[in-house]
Amino acid sequence: MSNQPLFEIKDLEVSYGSIAAIKGISMEVHKGEIVTILGANGAGKTTCMRTISQLLKAKSGSIRFKNAELTGLPAHKIVGLGISHSPEGRRVFGILTVEENLLLGAYSCKSVDRKVLEWVYDLFPRLKERRKQLSGTLSGGEQQMLAIGRALMSKPEMLLLDEPSLGIAPILVKAIFKQIRAIADNGVTVLLVEQNAKAALKLADRGYVLEVGKIATSGTSEELLSSEKVQEAYLGKKH
Ligand SMILES: Nc1ncnc2c1ncn2[C@@H]1O[C@H](COP(=O)(O)OP(=O)(O)OP(=O)(O)O)[C@@H](O)[C@H]1O
Ligand SMILES: [Mg+2]
């Protein structure tokens, strides 16, 4: 881990009108890490991800990636800087085929890198088998693979994943998380939002726990897995 973080949030505040959703959070992500943001419904996880991508604007605070300030930039510049976002609820284009969706993910690049497409197909062979199928007819798990694959097509240095396990059977969650590890091993830094705390902490190097817009606790995955507070609130264990 180098001293200078690849990505850093400082004192971030985000509001919807008069309602504060993020109330002054700070975090950092180092190159090569998988960092997870855990939290219950409404904690502010998606708000945080959308603010990083500049789909929402911060009220105050700073978001820096490779020493560049992201707040205030238009959303389309963020992909160009090397951050790609697989949104909550997948949002694949249902009337386009699997391959058309993947090619759209490379819209910010001058041309499609066939090697990246092949890499995505290696990671998720199911997508290759179904490359001509309309995305709207894929299963939920397959659509999640497609959303992750599409986000990889812009060759990001950092990948934002918002709840990749949402509504997916445990066996498929395992398979998808295994491939997230493979993506990170390939040099892509990962910021992973999850409600599935156990699976996320098994995968991630470190984590932050968000509670109603504030960071309640943070640490290495081992620290969080063994923390009584985390066990009680997120892992369903009683002491
Ligand atoms: N467009 C919006 N307008 C007003 N309030 C919003 C809006 N979007 C989110 N919120 C509120 O902001 C808070 C944080 O929401 P957010 O979607 O970031 O939570 P989350 O941690 O991603 O939850 P979940 O696990 O359910 O996806 C919630 O109280 C939510 O009601
Ligand atoms: Mg959310």
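What counts, and where the lines are drawn
Residues numbered from 1 in each chain as written. Chains lettered and ligands numbered in written order. Predicted model: local features only at pLDDT ≥ 70, side-chain atom pairs only at ≥ 80, totals over all residues. Heavy atoms only, no water. Helix = DSSP H or I, 4+ residues; strand = E, 2+ residues; numbered from the N terminus. Buried < 20%, exposed > 50% of the residue type's maximum accessible area, 1.4 Å probe, protein only. Pairing = 2+ DSSP bridges. Contact = heavy atoms within 4.5 Å. Axes fitted to C-alpha atoms, helices over the stretch in contact; angles between N-to-C directions. Donors = N, O, S within 2.8 Å, 3.2 Å for Na, K, Ca; no water. Near = heavy atom within 4 Å. Polar contact = N/O pair within 3.5 Å; in protein donor to acceptor, adjacent residues only side chain to side chain. Areas by Shrake-Rupley, 256 points an atom, 1.4 Å probe, with all protein chains shown as cover. Nonpolar A, V, L, I, M, F, W, Y, C, P; charged D, E, K, R; others polar. Expected span 1.5 Å × (residues − 1). Arc of directions from axis to C-beta.

Asker: What am I meant to see in unusual backbone geometry here?
Answerer: Keep in mind that most residues, glycine aside, have a negative phi and that most peptide bonds are trans. You will see that Glu163, though not glycine, has its phi angle at about 55 degrees, which is positive. Along the polypeptide, Glu163 turns up in the loop between strand 7 (158–162) and helix 7 (170–185). Positive phi, close to 35 degrees, is recorded for Val212, a residue that is not glycine. In this fold, Val212 is placed in the loop between strand 9 (206–211) and strand 10 (214–220). Its relative accessible area of 60% is what places Val212 among the exposed residues.

Asker: Could you clarify how one ought to interpret the sheet that holds strand 4 (residues 60–65) in this entry?
Answerer: Note: strands within a sheet are paired through backbone hydrogen bonds, in either parallel or antiparallel orientation. Pairing within the open sheet is antiparallel, and its four strands lie in the order 2-1-4-5. What marks the edges here is a single partner per strand, and that holds for strand 2 (19–29) and strand 5 (68–69). By the bridge criterion, eight bridges tie strand 1 (residues 7–16) to strand 2 in an arrangement that is antiparallel. Along strand 2, the bridge assignment pairs Val14 with Ile22. Set on the sheet, helix 1 (residues 45–52) makes contact with strand 1, strand 2 and strand 4; between it and strand 1 the angle comes to about 115 degrees.

Asker: Is there a simple way to think about the sheet that holds strand 7 in this case?
Answerer: With mixed pairing, the six strands of this open sheet are ordered in space as 6-7-8-3-9-10. Strands with a single pairing partner mark the edges of an open sheet, and in this sheet they are strand 6 (83–86) and strand 10. When strand polarity is set aside, the average angle formed by the axes of neighbouring strands in this sheet is 15 degrees.

Asker: Even after reading the chapter, I still don't get the coordination of the magnesium ion (ligand 2), so can you show me in this structure?
Answerer: Angles at a metal have ideal values that depend on geometry: 109.5 degrees with four tetrahedral donors, 90 or 180 degrees with six octahedral donors. Ligation of the magnesium ion (ligand 2) by protein atoms is provided by Thr46 (OG1) and Glu88 (OE), these donors lying 2.0 to 2.5 Å from the ion. With Thr46 in helix 1 and Glu88 in the loop between strand 6 and helix 3 (98–104), this residue pair connects regions lying 42 residues apart in the sequence.

Asker: Would you take a moment to explain the site of ligand 1 for this structure?
Answerer: Lining the immediate surroundings of ligand 1 are 13 residues, of which Asn41, Lys45, Thr46, Thr47 and Glu88 lie closest. Between Glu88 and ligand 1, the recorded distance is 2.6 Å, taken from a side-chain N or O atom to an oxygen atom. Measuring from an oxygen atom of ligand 1, one finds a side-chain N or O atom of Gln195 at 2.9 Å. Protein chains shield 59% of the accessible area of ligand 1, which is 640 Å² for the free molecule. The element that contributes the greatest number of residues to the shell around ligand 1 is helix 1, accounting for three residues. Per-class residue counts for the shell around ligand 1 are four nonpolar, six polar and three charged.

Asker: Please clarify how the pairing of strand 10 should be interpreted in this entry.
Answerer: The two faces of the sheet receive side chains in turn, since in a regular strand these alternate between them. With six bridges connecting them, strand 9 and strand 10 associate as antiparallel partners. Paired with Gly207 across the two strands is Gly219, which belongs to strand 10. Hairpin connection of strand 9 to strand 10: two residues between the antiparallel strands, including Val212 at a positive phi of 35 degrees.

Asker: Would you mind showing me how to read the environment of Glu99 here?
Answerer: Note on placement: Glu99 falls in helix 3. Separated by 51 residues in the primary sequence, Glu99 and Arg150 place their C-alpha atoms 9.1 Å from one another. Discounting chain neighbours no more than four positions away, the residues touching Glu99 are Arg114, Leu117, Tyr121 and Arg131.

Asker: Help me understand helix 7 in this model?
Answerer: Each α-helix winds once per 3.6 residues, and so residues spaced three or four apart point in a common direction. Helix length check: helix 7, at 16 residues, gives a terminal C-alpha distance of 23 Å against a target of 22 Å (1.5 Å per residue), a fit within 8%. Of all the positions in helix 7, only Leu172, Val173, Ile176, Phe177, Gln179, Ile180, Ile183 and Ala184 are classed as buried. In an axial view of helix 7, the angular spread of the buried residues amounts to 160 degrees, which keeps them on one side of the axis. In helix 7, those exposed residues whose orientation departs by more than 90 degrees from the buried face are Ile171, Lys174, Lys178 and Asp185. Where helix 7 is buried, its residues touch strand 3 (34–38), helix 4 (114–123), helix 6 (140–152), strand 7, strand 8 (189–194) and helix 8 (197–203). Once helix 7 ends, the next one or two residues include Gly187, with phi positive near 100 degrees.

Asker: Honestly, the side chain of Ser221 in this entry has me stumped. Any pointers?
Answerer: Summarising the element assignment, Ser221 is placed in helix 9 (residues 221–226). Not counting chain neighbours up to four residues away, the residues in contact with Ser221 comprise Leu201, Ala204, Asp205 and Arg206.

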